[in-house]
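Structural overview
Now for the letters of each chain:
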There are 2 protein chains.
Amino acid sequence: MTLPDPYYSDSKCTIYHGDAFDILPELSGIGAVITDPPYSSGGAFRGDRARQTTTKYVQTGTAAYRPEFAGDNRDQRSFLAWCALWMNAARNATEPGAAIASFIDWRQLPVLTDAIQAGGWTWRGVAVWSKKYGRPNPAGFSSAAEFVVWGTNGPAVDRDDYPAGVFECQSPPSRDRSHIAQKPEKVMNWAVRLAAPGATIRAAKDGGYKAVGIEVDERYCEIAATRLGQEVLF
Amino acid sequence: MTLPDPYYSDSKCTIYHGDAFDILPELSGIGAVITDPPYSSGGAFRGDRARQTTTKYVQTGTAAYRPEFAGDNRDQRSFLAWCALWMNAARNATEPGAAIASFIDWRQLPVLTDAIQAGGWTWRGVAVWSKKYGRPNPAGFSSAAEFVVWGTNGPAVDRDDYPAGVFECQSPPSRDRSHIAQKPEKVMNWAVRLAAPGATIRAAKDGGYKAVGIEVDERYCEIAATRLGQEVLF
DNA sequence: GCCGAGAATGAATCCATCC
DNA sequence: AGGATGGATTCATTCTCGG
């Protein structure tokens, strides 16, 4: 298999529409991997996780139409196996010393720390995105954070930028999101600092960094390409 | 075996000096368990973790003398087994619906989420103590948080008090601590809110709550008893 | 009392060295 | 060879102290 034609491309930035397992083996020399996989979470029981993403993840009234996203109903064992496989594929595409960061919620956090190591990365920590105002939980602590499992491909390459281990940023209201799990741009800017001073794919284009995006769902490719084609994002 | 004589006791508060494995089986009716076990952490390599706590955990020059603490050099497998055992012993001492919270660092977080479930508790989340400014990490995100693994003994008892899932509090300077891993009182106040509005053992005495403390090292029992005997803590 | 400069600090991490 | 130990290094912020 060879690399498919990009869904979008400009001088700094390329988006591939396809499964990461098909695209990643064709890539090399990657300096950092920043990813937000489907969490396969959303419930304590198997039946809860198997629901469609549009119903199992909360979406309050005014939300715009947002399509289902795929691959979000694996059980914990197959989620581990699946993560280990793409972690390994991603590592094979990177240079020694490259960093990886993956968002995850508390339920799958231990699975992902296993997977990052199974995929051959050196697990180096857990960073925290504090959403400030979480869903109240009558059983105890409110759920107000997502986590970032991160590591490096072998010994780390030292950097001149030291991002904070905890980043506080309120989650945008549901009506402003194109994707149920969309992260605020500030959060992505923080996460990509693991790679280098820079920003999201969009900012990467402006800032002179090269970025490759992989997305399995064409509708989200379209949204991303539209944003990248715009001169001003907001 | 019967319950030993308390190291300290007053009308609201009791401290036992001994191993939790000896004390817990003699207790019953406990409403919540708040604990801070030795992390068996302090380094990515086995050799680092096996070092003495006074050298492997950072203590810069002016720090007051603080004794070693025990049980902090288990490997990961025996740390899991040990945690599962005391988690289970703790659960047997509690009432249905009781909550448990245990501090841990990022390295042992996945082990503790396994242990809490192995010990028969329903794992319900991971709360975050954000220290705000951690030690910089040249490999990536600074280490600026500790975690609280928490759960309940069966179905949770609903509460009207929802402690935040992320609590921000700077760590006190080294010289103000009696124990290397001493938590700020504000952090403990936050953690015990999982049980009820209240505070530390000391505050529990003042506030009318009953509290039982278990500590294996007599020197730390003595410090705790001294504090509890004082009318004013600071 | 306010302000600025310099010192101090962290459940860290990594590497060199010694036995 | 491998375990144990010592020590250099990292930086954002607070702390301390003098003006």
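The structure displayed is predicted, hence computed values, not measured ones.

1. What about the sheet that holds strand β8 (residues 211-215) of chain B?
Residue and element names in this part refer to chain B. In space, the 3 strands of this open sheet follow the order β1-β2-β8, with mixed pairing throughout. Lying at the two open borders of the sheet, with one neighbouring strand each, are β1 (8-9) and β8. Sheet analysis places strand β2 (residues 13-17) next to β8, joined by 5 bridges and oriented parallel. Residue pairing in the sheet places cysteine 13 in a bridge with alanine 211 of β8. On top of the sheet, helix α8 (residues 218-229) reaches β1, β2 and β8; it is set at about 165 degrees to β2, its chief contact.

2. Focus on the sheet that holds strand β8 (residues 211-215) of chain A
Backbone-to-backbone hydrogen bonds pair the strands of a sheet. The strands run either parallel or antiparallel. All names here are of chain A. The sheet built from 3 strands is open, its strands ordered β1-β2-β8 with mixed pairing. Strand pairing shows two members of the sheet lacking a second neighbour, β1 (8-9) and β8, which therefore form its edges. Here β1 runs beside strand β2 (residues 13-17); their pairing, made up of 2 bridges, is antiparallel. Residue pairing across strands places serine 9 opposite threonine 14, the latter belonging to β2. Across the face of the sheet, helix α8 (residues 218-229) comes into contact with β1, β2 and β8 while running at roughly 165 degrees to β2.

3. Describing the interface of chain A and chain B
At the interface, 38 residues of chain A touch 38 residues of chain B. Where chain A abuts chain B, roughly 3000 Å² becomes buried across the two surfaces, and 73% of that area is made up of carbon and sulfur atoms. Linking chain A with chain B are 0 salt bridges, by the criterion used here. Of all the secondary-structure elements, those providing two or more residues to the side of chain A that touches chain B are α5 (109-118), β5 (122-137), β6 (140-152), β7 (166-168) and α6 (185-192) of chain A. Its residues assigned to classes, the side of chain A that touches chain B shows 25 nonpolar, 8 polar and 5 charged.

4. Overview of the protein's contact with DNA strand D
Every residue near DNA strand D is listed here: Tyr162(A), Arg46(B), Ala50(B), Arg51(B), Tyr133(B), Pro136(B), Gln170(B) and Arg175(B). Across the atoms of DNA strand D situated within 4 Å of the protein, the share located in sugar and phosphate is 76%. Here Tyr162(A) contributes a side-chain N or O atom positioned 2.7 Å from a sugar or linking oxygen of DNA strand D.

5. A look at the packing of helix α4 (residues 76-92) of chain A against α5(A)
Residues and elements named next belong to chain A. Put simply, α4 and α5 touch, their axes get as near as 8 Å, and they point 35 degrees apart. In this structure, α4 meets α5 at a crossing whose hand is right-handed. Side by side, α4 and α5 meet where Gln76, Phe79, Leu80, Cys83, Ala84, Trp86 and Met87 of the first sit next to Val111, Leu112, Asp114, Ala115, Ile116 and Ala118 of the second. Residues of the contact of α4 with α5, tallied by class, amount to 11 nonpolar, 1 polar and 1 charged.

6. Brief notes about the relation of the copies chain A and chain B
Each copy superposes on the other: chain A lies on chain B with an RMSD of 0.2 Å after a rotation of 180 degrees and an axial shift of 0.1 Å. On the angle and the small slide along the axis, the relation comes out as a two-fold axis. Every residue of chain A has its C-alpha some distance from the rotation axis, and the shortest such distance is that of Pro110(A), at 2.3 Å. Of all interface residues in chain A, 100% are interface residues in chain B too; the two copies therefore contact each other through one and the same surface.

7. Here's the deal with unusual backbone geometry
Residues and elements named next belong to chain A. Positive phi, normally seen in glycine, also occurs at lysine 132, with a value near 75 degrees. Along the chain, the position of lysine 132 falls in strand β5. Residue classification places lysine 132 among the partly exposed residues on the basis of a relative accessible area of 42%.

8. Comments concerning the pairing of strand β4 (residues 94-104) of chain B
Residues and elements named next belong to chain B. Of all 11 residues that make up β4, 9 are buried, and the element is covered over most of its length. In this sheet, β4 lies alongside strand β3 (residues 30-35) in parallel orientation, the contact comprising 5 bridges. Following the sheet pairing, isoleucine 30 is matched in β4 by threonine 94. Inspection of the sheet shows β4 paired to strand β6 (residues 140-152) by 6 bridges, in the antiparallel sense. The residue bridging isoleucine 104 from the neighbouring strand is phenylalanine 147, located in β6.

9. Description of α5(A)
The buried fraction of α5(A) amounts to 7 of the 10 residues, a majority that puts the element mostly inside the structure. Here α5(A) has its buried residues at Leu109(A), Pro110(A), Val111(A), Leu112(A), Thr113(A), Ala115(A) and Ile116(A). Elements in contact with the buried residues of α5(A): α4, β4 (94-104), β5 and β6 of chain A together with α5 (109-118) and β5 (122-137) of chain B. Of the residues trailing α5(A), Gly120(A) is marked for its positive phi of about 95 degrees.

10. Considering the pattern of salt bridges
Enumeration over the complete set of coordinates arrives at 13 salt bridges over all chains. Two residues, Arg219(A) and Asp217(A), come together in a salt bridge whose shortest N-O distance is 2.8 Å. Its relative accessible area of 11% is what places Asp217(A) among the buried residues. Residues Arg107(B) and Asp105(B) are paired through a salt bridge, measuring 3.1 Å at the closest nitrogen-oxygen approach. With relative accessibility at 7%, the residue Asp105(B) sits in the buried group. Within this structure, Asp36(A), Lys131(A), Glu146(A) and Lys183(A) form a network of salt bridges that share partners.

Definitions and limits used
Residues numbered from 1 in each chain as written. Chains lettered and ligands numbered in written order. Predicted model: local features only at pLDDT ≥ 70, side-chain atom pairs only at ≥ 80, totals over all residues. Heavy atoms only, no water. Pairing = 2+ DSSP bridges. Helix = DSSP H or I, 4+ residues; strand = E, 2+ residues; numbered from the N terminus. Contact = heavy atoms within 4.5 Å. Axes fitted to C-alpha atoms, helices over the stretch in contact; angles between N-to-C directions. Buried area = accessible area lost by both parts, 1.4 Å probe. Salt bridge = Lys/Arg side-chain N within 4 Å of Asp/Glu carboxyl O. Nonpolar A, V, L, I, M, F, W, Y, C, P; charged D, E, K, R; others polar. Near = heavy atom within 4 Å. Polar contact = N/O pair within 3.5 Å; in protein donor to acceptor, adjacent residues only side chain to side chain. Left-handed = near helix turned anticlockwise from the far one by under 90°. Least-squares fit on C-alpha atoms with pLDDT ≥ 70 in both. Buried < 20%, exposed > 50% of the residue type's maximum accessible area, 1.4 Å probe, protein only.

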